[in-house]
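Observations on the three-dimensional arrangement
Listed here are the chains, written in short residue letters.
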Amino acid sequence: DQQVKQNSPSLSVQEGRISILNCDYTNSMFDYFLWYKKYPAEGPTFLISISSIKDKNEDGRFTVFLNKSAKHLSLHIVPSQPGDSAVYFCAASEGKAIFGQGTRLTINP
Amino acid sequence: GAGVSQSPRYKVAKRGQDVALRCDPISGHVSLFWYQQALGQGPEFLTYFQNEAQLDKSGLPSDRFFAERPEGSVSTLKIQRTQQEDSAVYLCASSLGGTQPQHFGDGTRLSIL
């Protein structure tokens, strides 16, 4: 039973536009959420996180939004750049991290 | 280097052989995690150490999987009598603990023939 779901396996966005990556979870006890970025043959790299007591966290071009009532979080990247092309994983933390399946983001020049 | 280091990067073994995968965490990180990542999937939790204590091993798929971190630093994940379904990328991550983010190594790609 998947506790963290990323329903879009892939997303293609024009350079300079906004990329929006979505994630849903089922366990309301999760207290911390993270986004990771992964290039081929490398481990995931931490991007940004958010505590369950907040609804928004921003770091440069990256913003994460949390909607606790909908059990939904999203990552916004604006403006999107070619180097943002990678697989993005959301994760919910209860000590250990529970990951979604990932979304492959492609930024087109 | 300053990051999490895993070795070997690639491992090929015949079914039935034992393998050992090594993880060097970031210096000073008390928490260490092992994950298994199948192709096209997200990492799945295997086990967790806080210093030398293994606090959670609920994700280990069978008793053929064993992990240790005897001095609270380097960790080894051992798989005995390997089977084809053990083929995956094994990721190690470390953190300062609490809600601090986990930092991952580049993984060991294990292929069982």
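For the structure, see preceding data.
Below is a summary of the structure that appears in this document. Each chain has its residues counted from 1, following the order in which its sequence is written. Chain letters start at A and ligand numbers start at 1, both assigned in the order the entries are written. Given that this is a predicted model, residues contribute local features only at a pLDDT of at least 70 and side-chain atom pairs are listed and counted only at 80 or more, while totals for whole chains, interfaces and linings are drawn from all residues. Calculated side-chain values reflect all of the structure's heavy atoms, with hydrogen atoms and water omitted.

So, the overall build of chain B
The numbering of helices and of strands both runs from the N terminus, where a helix is a DSSP run of H or I of at least 4 residues and a strand a run of E of at least 2. Scanning chain B for helices and strands turns up zero helices and eleven strands. For 113 residues, the compact-globule formula gives about 13 Å, and the C-alpha radius of gyration of chain B, at 13 Å, lands near that figure. For chain B, the proportion of contacts with a sequence separation of at least 24, taken over those separated by at least 6, is 52%. Residue burial considers only the protein chains on display, and all accessible areas are found by Shrake-Rupley using a 1.4 Å probe. A total accessible area of about 5700 Å² is found for chain B, and carbon and sulfur atoms account for 46% of it. Computation of the radius of gyration draws on C-alpha atoms alone. For the globule rule, the value is 2.2 Å times the number of residues to the power 0.38. Contacts are assigned to residue pairs that have any heavy atoms within 4.5 Å of one another.

What about the interface of chain B and chain A?
Between chain B and chain A, the contact holds 18 residues from the first and 16 residues from the second. Each of two parts loses accessible area, computed with a 1.4 Å probe, when they are put together; buried area is these two losses added. Each partner contributes to the roughly 1400 Å² buried at the junction of chain B and chain A, and carbon and sulfur atoms together form 58% of this total. Salt bridge, as used here, is a side-chain nitrogen of Lys or Arg placed within 4 Å of a carboxyl oxygen of Asp or Glu. Between Asp56(B) and Lys96(A) there is a salt bridge whose closest N-O contact spans 3.8 Å. Side-chain atoms alone can form a polar contact between residues adjacent in sequence; in general such a contact is a pair of N or O atoms within 3.5 Å, and within protein one must be able to donate a hydrogen while the other accepts it. The interface formed by chain B and chain A includes five residue pairs in polar contact (both at pLDDT 80 or more). Examining the composition of the side of chain B that touches chain A, we find that three residues originate from one element, strand β4 (residues 31-37) of chain B, more than from any other. Gly is placed with the polar residues, together with every amino acid not listed as nonpolar (Ala, Val, Leu, Ile, Met, Phe, Trp, Tyr, Cys and Pro) or charged (Asp, Glu, Lys and Arg). Looking at the side of chain B that touches chain A, its residues break down into seven nonpolar, eight polar and three charged.

Remarks on the pattern of salt bridges
Residues and elements named next belong to chain A. Using the criterion set out here, one finds five salt bridges over all chains in the structure. The shortest N-O distance in the salt bridge between Arg61 and Asp84 comes to 2.8 Å. Placement of Arg61 in the loop between β6 (56-59) and β7 (62-67) and of Asp84 in the loop between β8 (72-77) and β9 (86-94) is noted, with a sequence separation of 23 residues between them. Note on Asp84: relative accessible area 2%, which makes it buried. Only protein chains enter the area calculation, which uses a 1.4 Å probe; residues under 20% of their type maximum are buried, those over 50% are exposed, and those in between are partly exposed.

Considerations on the sheet that holds β8(A)
We treat two strands as partners when DSSP finds at least two bridges between them. Read from one edge of the open sheet, five strands run β1-β3-β8-β7-β6 (chain A), paired in antiparallel fashion. The sheet is open, and its two edges are formed by β1 (4-5) and β6 of chain A, each paired on a single side.

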